[in-house]
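Below, each chain spelled out in residue letters.
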Amino acid sequence: MSTLGQSTNIFWQDCGVGRSEREKLLKQRGCVVWITGLSGSGKSTLACTLSRQLHSRGNLSYVLDGDNLRHGLNKDLGFKAEDRVENIRRVGEVAKLFSDSGLICIASFISPYRKDRETCRALLPDGSFIEVYMDIPLNVCEERDPKGLYKLARAGKIKGFTGIDDPYEEPLNCEIKMQEENGVCPCPFSMAGKVVSYLEDRGFLHEGY
Ligand SMILES: Nc1ncnc2c1ncn2[C@@H]1O[C@H](COP(=O)(O)OS(=O)(=O)O)[C@@H](OP(=O)(O)O)[C@H]1O
Ligand SMILES: Nc1ncnc2c1ncn2[C@@H]1O[C@H](COP(=O)(O)OP(=O)(O)O)[C@@H](O)[C@H]1O
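Let me sum up the structure you'll find in this document. Quantities reported herein were computed from a predicted structural model and do not represent experimental measurements.

Quick notes on the rules
- Residues numbered from 1 in each chain as written.
- Chains lettered and ligands numbered in written order.
- Predicted model: local features only at pLDDT ≥ 70, side-chain atom pairs only at ≥ 80, totals over all residues.
- Heavy atoms only, no water.
- Buried < 20%, exposed > 50% of the residue type's maximum accessible area, 1.4 Å probe, protein only.
- Helix = DSSP H or I, 4+ residues; strand = E, 2+ residues; numbered from the N terminus.
- Pairing = 2+ DSSP bridges.
- Near = heavy atom within 4 Å.
- Polar contact = N/O pair within 3.5 Å; in protein donor to acceptor, adjacent residues only side chain to side chain.
- Areas by Shrake-Rupley, 256 points an atom, 1.4 Å probe, with all protein chains shown as cover.
- Nonpolar A, V, L, I, M, F, W, Y, C, P; charged D, E, K, R; others polar.
- Axes fitted to C-alpha atoms, helices over the stretch in contact; angles between N-to-C directions.
- Contact = heavy atoms within 4.5 Å.

**Some remarks on the pairing of strand β1 (residues 31–36)**
Turning to step 1, where the next piece is worked out: With respect to burial, β1 is a largely interior element, 6 of its 6 residues being buried.
Turning to step 2, where the next piece is worked out: What you see with β1 is no split at all: Cys-31, Val-33 and Ile-35 on one side and Val-32, Trp-34 and Thr-36 on the other are buried throughout.
Turning to step 3, where the next piece is worked out: Relative to strand β3 (residues 104–108), β1 runs parallel, the two being bridged by 5 bridges. Pairing of Cys-31 across the sheet is with Ile-104, part of β3.
Turning to step 4, where the next piece is worked out: In this sheet, strand β4 (residues 129–134) lies alongside β1 in parallel orientation, the contact comprising 5 bridges. In the strand pairing of β4, Trp-34 is matched with Glu-131.

Structure, rendered in structure tokens:
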């Protein structure tokens, strides 16, 4: 495997305990559920509700959340385009490791650029990157505004806020799309149920897949 960047004289170290052994132990298959969408679209809520539903049925998951990772691993990054690219690059690599460990990794990031999401997808075995698009209209997200950030962005106090004066590129071929139905947003529990059904149907949640 050659994924070398600046480092030289380094060699891939294989380990006798492999992915399939870990997956057998956990009775599930590792994957990445990648939740993308505007601020306020419900990404974190869905991520946590999904993690709870999986936990209740005996499946091990772990949530990687934009706000949280920016407190640690990514605290050197801001919101300029190149910082967002690096943010998602690092998260993609971490998500790959988590899924290789056999976990259901739930990544919740605005991840505004299509190319970066596709790069993360390409890191994973076919079918194990499940892109979930929170297709919630900007005006709904803005009305919610739980952190008051849209208000600040509209007032010009935050520059480069996604959806206001920074781009968001919608997925073209996501696996799951969450949308309002008759002007009503489905509850987080039913959204999480939709993801669980998807994972179940594709054998991610069972032994003997
Ligand atoms: N300029 C700007 N644009 C968008 N979002 C902003 C900005 N500044 C701060 N925030 C807060 O940062 C959270 C998004 O972090 P992410 O790591 O998911 O962003 S990105 O994927 O790198 O675009 C986002 O969290 P969510 O609301 O949960 O999406 C915001 O709370
Ligand atoms: N399915 C939903 N229906 C209605 N309100 C929701 C739903 N999901 C989240 N919310 C509310 O919307 C706001 C933003 O949710 P959050 O999960 O923080 O979004 P994000 O992580 O995308 O910024 C919160 O106040 C949350 O309670």
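**Considering the site of ligand 2**
Turning to step 1, where the next piece is worked out: Among the 15 residues in the neighbourhood of ligand 2, the closest are listed as Gly-40, Lys-43, Ser-44, Thr-45 and Pro-186.
Turning to step 2, where the next piece is worked out: Taking Leu-38, its main chain carries an N or O atom lying 3.5 Å from an oxygen atom of ligand 2.
Turning to step 3, where the next piece is worked out: Backbone polar atom of Pro-186 to a nitrogen atom of ligand 2: 2.9 Å apart, as the coordinates give it.
Turning to step 4, where the next piece is worked out: Notes on ligand 2: free accessible area 560 Å², of which the protein chains cover 72%.
Turning to step 5, where the next piece is worked out: Broken down by secondary-structure element, the contributors of at least two residues to the shell around ligand 2 are α2 (43–56) and α8 (188–201).
Turning to step 6, where the next piece is worked out: For the shell around ligand 2, the element with the most residues is α2, which contributes 3 residues.
Turning to step 7, where the next piece is worked out: A per-class count over the shell around ligand 2 returns 7 nonpolar, 6 polar and 2 charged.

**As for the sheet that holds β4**
Turning to step 1, where the next piece is worked out: With parallel pairing, 5 strands are arranged side by side in an open sheet as β2-β3-β1-β4-β5. Looking along the sheet, the strands with just one partner apiece sit at the ends: β2 (61–65) and β5 (176–178). Within the sheet, the average angular offset between the axes of one strand and its neighbour, ignoring direction, is 20°.
Turning to step 2, where the next piece is worked out: Here β2 pairs with β3 via 5 bridges, running parallel. Looking across to β3, one finds that Asp-65 is bridged to Ser-108.
Turning to step 3, where the next piece is worked out: Docked against the sheet, α2 engages β1, β2, β3, β4 and β5, running at close to 165° with respect to β3.

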